[in-house]
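Residues per chain, in single letters:
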Amino acid sequence: MKSKSRQKEIKKILMTGNEAIAQGAIDAGCRFYAGYPITPQNELTAYMARCMPDSGGVFVQSESEVAAINMVFGASCAGARSMTSSSSPGISLKQEGISYIAGAELPAVVVNIMRGGPGLGNIWPSQSDYFQATRGGGHGDYHSIVLAPSSVQEAYDLMFLAFDLADNYRNPVMVLGDGILGQMMEPLQVTSHKSQVTGQKAVVCLPIGKATSQKTWALTGCEGRNPNIIKSFRMKEGDLEKLNLALQKKYKAIRQKEARFESLFLEDAKIIIVAYGTMARIAKGAVGMLRAKGKKAGLLRPITLWPFPEKVFKDLQARNSKLKTLLVTEMSYGQMLEDVKLALDGKLKVEFLGRAGGGVPTEEDIIRKAGKIL
Amino acid sequence: MKEAQKIFSRPRSLRNISTHYCGGCGHGIAHRLVAEIVDELGIRERVIAVAPVGCAVIAYDYWDFDCSEAAHGRALAVATGIKRVRPQNIVFTYQGDGDLAAIGTSETIHAANRGENVTVIFINNAIYGMTGGQMAPTTLLGQRTATTPAGRQIGVHGAPLKISEMLALLPAVKYIERVSLHSPQEVLKAKSAIKRAFQSQIDNLGFSMVEVLSACPTYWDMPPKKALDWIRDVMSKEFPLGRIK
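For clarity, every value in this text was computed on a predicted model and none was experimentally measured.

Asker: Go over the overall build of chain B with me, naming the residues and quoting the values.
Answerer: Check the secondary structure of chain B and you find 10 helices and seven strands. In summary, chain B has a C-alpha radius of gyration of 17 Å against a globular reference of 18 Å for 245 residues, a match within 12%. Expressed along its principal axes, the backbone C-alpha trace of chain B runs to roughly 55 × 55 × 30 Å. Look at the contacts in chain B between residues 6 or more apart in sequence, and 68% of them connect residues 24 or more apart.

Below, the structure written as C-alpha cells:
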C-alpha cells in the first residue's frame, strides 16, 4: 500500500496502453495472470511478470495461449480474479477456452491487442477481430462482453469495469484494443476501485489462498458445504437447452443494462462518424477539423462492442431530423459496420471507410470522405 | 456371540450411484482407489479434482468432493491455475491416454517441468474408449483399433508413447510409478502408489503421477477376464510396472 502522501505526489504517470491495462487489472484486484509472448502486447505480459508477485498475485508464463486460457479457467474456478492477454493469432488459439469459460459460467478477462490478419498477418495495428470478439468466437451460442478503450487512461479505467462485469455476470469479458493503443504512451492517473456495475458492491480482492465468501460457487475444498462442480458438459436430455436458455436470459439482461458509448454533437450533426478504439481518436480529430470548417459532423463511439449500444442508433432520427448519413470507419473492411446497419434497420444511409492489414485511415481520409457525402 | 462389525464399505468420497462404465472397465476401480486414499489421508474437504474429456468425463458425478471439468487435454493447465491460486488445497487430475499423451502432451510436459505441485492419475488403456475405440498414443504395435484396422505399425503410426518415462527425465518431477489393475494384488499396489503420489503433494515435493494400466474389454474386443490377462501378458511387457522415479 502506498502512503497517502506518496499518492498525492504521484499525480500522473506516463505509460503505454499495454502497461496501463496490466496496472488497471492489478488495481482492479486481478491476482492471476497467465500469458504467452506475442507482439504487440508483450509489455503487458512483462509488466505482469514484474508487478504481479509484489501485488500478492500469481504470474505464469504459459507454454501456449491454449494453456494460458485454461490456467485462467482453473484460477477462476478457484475464485481469483483472473486474466490472460494476447494478440489476434493467439486469441484465435484461446477460443476453445473462452467457450468453456462461457459454458461453465466463469468470470474471466481476456485482453486482445489486435494486429493484422488473417493468418500470421503482421504486427501492425488492426481492428479485424471485431467479428470474432462480438459473435462469440468459439463454438456454441455464447457472447463475451467486449469493451473497447480508446485512450491509455480509458484502457486503465475499463479494467475495473471488465472485472466487475465478469464477476457480476459470471461471463468472459474481452478488452479489445489494437497495436497503437497497446504501444502508445500517454499520461495516466491511477484511481481506486469503485464498482462500475450498477447496484453492485465492489468485490473485495483477497490475497492468494484466502477463500472468497462472495463466490460461493468457487472450488475451495468442500469443508462445511456440499461439493461444488464446475462444468459446461450437459449430457442429460434437456439439460444443455436449459443452460442455453439461462445464458440467453443473462445476455438479454446484459444487453439491457450494460451498453455504453460516448457521443459528440448528435443533436445537430448532418453526418455522424462512427468508430471505436483507436479509430475513434482519429475520428474525433476529424470531427473537430470538420466543425472548424463549419461542417456539422458528430461522433458516436461505442465503448461496449457487445452489447452493441443499439438504442442510441435507433433513436438518432427522432433526436435529429437533419441527420442524413452515418460514416463508419474501422481498421477493417467493415465489421462493426454490420452492427450499425442492423441497429439502424435501413432507416439512415450508412457509408464506410476502412483499411486493414496495417493500414490506418487518417483524419484527412475521413474529412475527404465526409466532404463527398455532405 | 460377537456383534457383527462393518469392516468394509463405500468410501465417504464416492457417491452411492452406479457408474456408466462398461463391464470389466478399470475406471470404476480407479475411481474407488482415489476415493479411498482421499478418505485415508483425511483430505476430502480440501481436495479439488480436475476431470478429463474421455470415458471419465463425468468423474465428478461419482466423487463426492469439489471438481472441475477441463477441455480435452487441458486438465493440467486448469490444475495449474487452481493450485497456484489455492496452494493449501490438494489438486489432482484424472486423465486418459488420449487426453494426457496426445491432445494434452504440451500441457502435461510443461506442468511437469514447472514442477506444479499436483498429482496426476493417468489411466492408460491403450485406446480411445469414449469415441469408439480409435488408436491412442499408447496403443500397442499390432493392436487393431477403429483407426488402425490392420493393426498399429511402427513405420506408419509410430511406437507406443511412454510418457511416464519421458516425464521422469524432468528434474521437477518427483514421483512416477506405473501400476496395473489386472489382479487384486496389483490393485493393492496401485492403491499404495496413489497414496504415495498424494502424500508427495501434501509434502510439497512437486509433480507426482501414477500411470494405471486399465482394461477396456469393449474396444479391445475381449471378455473382461481375457482383457485382464492381456494386461498381464502383453501390455505390461510394453509398459513395465513399477517405480519409474
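Asker: Any chance you could break down the sheet that holds strand β12 (residues 297–302) of chain A for me, citing the residues and the numbers?
Answerer: Sheets are built from strands that pair by backbone hydrogen bonding, the pairs being arranged parallel or antiparallel. Residue and element names in this part refer to chain A. Strand order in the open sheet formed by five strands is β10-β12-β11-β14-β15, and the pairing between neighbours is mixed. The open sheet is flanked by β10 (261–264) and β15 (349–354), the only strands paired with a single partner. Each neighbouring strand pair of the sheet contributes to a mean axis angle of 20°, computed without reference to strand direction. The pairing of β10 with β12 spans four bridges and is classified as antiparallel. For F261, the partnering residue across the bridge sits in β12 and is P302.

Asker: I'd like a description of the nonpolar core, backed by residues and values.
Answerer: A general feature of soluble globular proteins is that nonpolar side chains tend to end up buried together. One finds A:M83, A:V109, A:F313, A:L326, A:V340 and B:F207 to be the most contacted residues of the largest nonpolar core, which totals 124 residues. The biggest single contributor to this core is helix α7 (residues 152–169) of chain A, with 12 residues. The two domains that each donate at least three residues to this core are domain 1 (4–188) and domain 2 (261–373) of chain A. Contacts of A:V340, omitting those with residues within four sequence positions, involve A:V274, A:F308, A:F313, A:L326, A:V328 and A:V350. Of all hydrophobic cores here, the second largest spans 40 residues; its members include B:L41, B:I121, B:V179 and B:A193.

Asker: Break down helix α3 (residues 42–51) of chain A for me, with residues and values.
Answerer: Residue and element names in this part refer to chain A. L44, T45, Y47, M48 and C51 are the residues of α3 that are buried. Summarising the axial view, the buried residues of α3 lie within an arc of 160°, below the 170-degree limit, and thus occupy one face. Summarising the contacts, the buried residues of α3 are in contact with β1 (13–16), α2 (17–27), β2 (30–35), β3 (58–61), β4 (81–86) and β5 (108–114).

Asker: I'd like a rundown of the packing of aromatic side chains, residues and numbers included.
Answerer: Under the criterion given, the structure shown has 12 aromatic pairs over all chains. With centroids separated by 5.8 Å and ring planes inclined at 5°, the aromatic side chains of A:Y33 and A:F59 adopt a geometry described as stacked. With A:Y33 in strand β2 and A:F59 in strand β3, this pair connects stretches of sequence that are 26 residues apart. Consider the rings of B:F92 and B:F198, whose centres lie 5.3 Å apart with planes at 75°: the pair is edge-to-face.

Asker: Give me the lowdown on the domain arrangement of chain A, citing residues and values where you can.
Answerer: All names here are of chain A. Taken domain by domain, chain A comprises domain 1 (4–188) and domain 2 (261–373). With centres defined by C-alpha atoms, the gap from domain 1 to domain 2 works out at 27 Å. At the boundary of domain 1 with domain 2, total buried surface from both sides reaches about 2200 Å², with 52% on carbon and sulfur atoms. Taken as a group, Q127, Y130 and S150 account for 32% of the area that domain 1 buries against domain 2, more than any other trio of residues on that side.

Asker: Provide a residue-level description of the interface of chain A and chain B, including the pertinent values.
Answerer: Listed as interface residues are 37 residues of chain A and, on the opposing side, 34 residues of chain B. When chain A packs against chain B, close to 2800 Å² is buried across both sides, 59% of that on carbon and sulfur atoms. On inspection of chain A and its partner chain B, the count reaches three salt bridges. Of the charged contacts in the structure, one is a salt bridge between B:R114 and A:E63, with a shortest N-O distance of 2.9 Å. Of all elements in the fold, only β3, α4 (65–77), α5 (88–103) and β9 (229–230) of chain A reach the threshold of two or more residues within the side of chain A that touches chain B. Considering every element that reaches the side of chain A that touches chain B, the biggest residue donor is α4(A), with eight residues. For the side of chain A that touches chain B, the residue count by class is 22 nonpolar, nine polar and six charged.

Asker: How would you summarise the side chain of B:H31 if you had to cite specific residues and measurements?
Answerer: All names here are of chain B. Structurally, H31 can be placed in helix α1 (residues 27–40). Assessed through its relative accessible area of 1%, H31 is described here as buried. Polar side-chain contacts of H31 include one of 2.7 Å to the side chain of Y21. Among residues more than four places away in sequence, those in contact with H31 are L14, Y21, A56, A59, Y62, W63 and Y94.

Asker: Which residues make up unusual backbone geometry, and what values do they have?
Answerer: Cis geometry marks the peptide bond from A:G117 to A:P118, where omega comes out at 0°. Residue position: A:P118 is located in the loop between β5 and α6 (130–134). The residue after A:W306, namely A:P307, is reached through a cis peptide bond having omega 0°. With respect to the helices and strands, the residue A:P307 is situated in the loop between β13 (304–306) and α11 (310–314). Its identity as a non-glycine residue notwithstanding, A:E105 has a phi of 50°, on the positive side. The partly exposed category is assigned to A:E105, whose relative accessible area is 22%. Of note, B:A126 is a non-glycine position whose phi angle comes to about 60°, a positive value. Among the structural elements, B:A126 can be located in the loop between β4 (119–124) and α6 (154–157).

Asker: How would you sum up the pairing of strand β1 (residues 47–50) of chain B? Please name residues and give values.
Answerer: Look at any regular strand and the pattern is simple: side chains alternate between the two faces of the sheet. All names here are of chain B. Of the two faces of β1, the one holding V47 and A49 and the one holding I48 and V50 are both buried throughout. Pairing analysis gives four bridges linking β1 to strand β3 (residues 90–96), with the strands arranged parallel. Pairing of A49 across the sheet is with F92, part of β3. Bridge count for β1 against strand β2 (residues 66–68) is three bridges, and the pairing is parallel. Of the residues in β2, the one forming a bridge with V50 is S68.

Asker: Any details on the pattern of salt bridges? Residues and values, ideally.
Answerer: Once the charged atoms of two side chains with opposite charge are near each other, the side chains can pair. All names here are of chain A. Using the criterion set out here, one finds 37 salt bridges over all chains in the structure. Here K284 ties to E262 by a salt bridge, and the two come within 3.0 Å at their closest N and O atoms. Of this pair, K284 sits in helix α10 (residues 277–292) while E262 is found in strand β10, placing the two residues 22 residues apart along the sequence. Given a relative accessible area of 36%, K284 falls into the partly exposed group. The partly exposed category is assigned to E262, whose relative accessible area is 22%.

About the cut-offs
Residues numbered from 1 in each chain as written. Chains lettered and ligands numbered in written order. Predicted model: local features only at pLDDT ≥ 70, side-chain atom pairs only at ≥ 80, totals over all residues. Heavy atoms only, no water. Helix = DSSP H or I, 4+ residues; strand = E, 2+ residues; numbered from the N terminus. Rg over C-alpha atoms; globule rule 2.2 N^0.38 Å. Contact = heavy atoms within 4.5 Å. Pairing = 2+ DSSP bridges. Axes fitted to C-alpha atoms, helices over the stretch in contact; angles between N-to-C directions. Core = buried A, V, L, I, M, F, W, Y, C linked by side-chain atoms within 4.5 Å. Buried < 20%, exposed > 50% of the residue type's maximum accessible area, 1.4 Å probe, protein only. Domains from an automatic or database assignment. Arc of directions from axis to C-beta. Phe/Tyr/Trp six-rings, centres within 6.5 Å; stacked < 30°, edge-to-face > 60°. Buried area = accessible area lost by both parts, 1.4 Å probe. Salt bridge = Lys/Arg side-chain N within 4 Å of Asp/Glu carboxyl O. Nonpolar A, V, L, I, M, F, W, Y, C, P; charged D, E, K, R; others polar. Polar contact = N/O pair within 3.5 Å; in protein donor to acceptor, adjacent residues only side chain to side chain.

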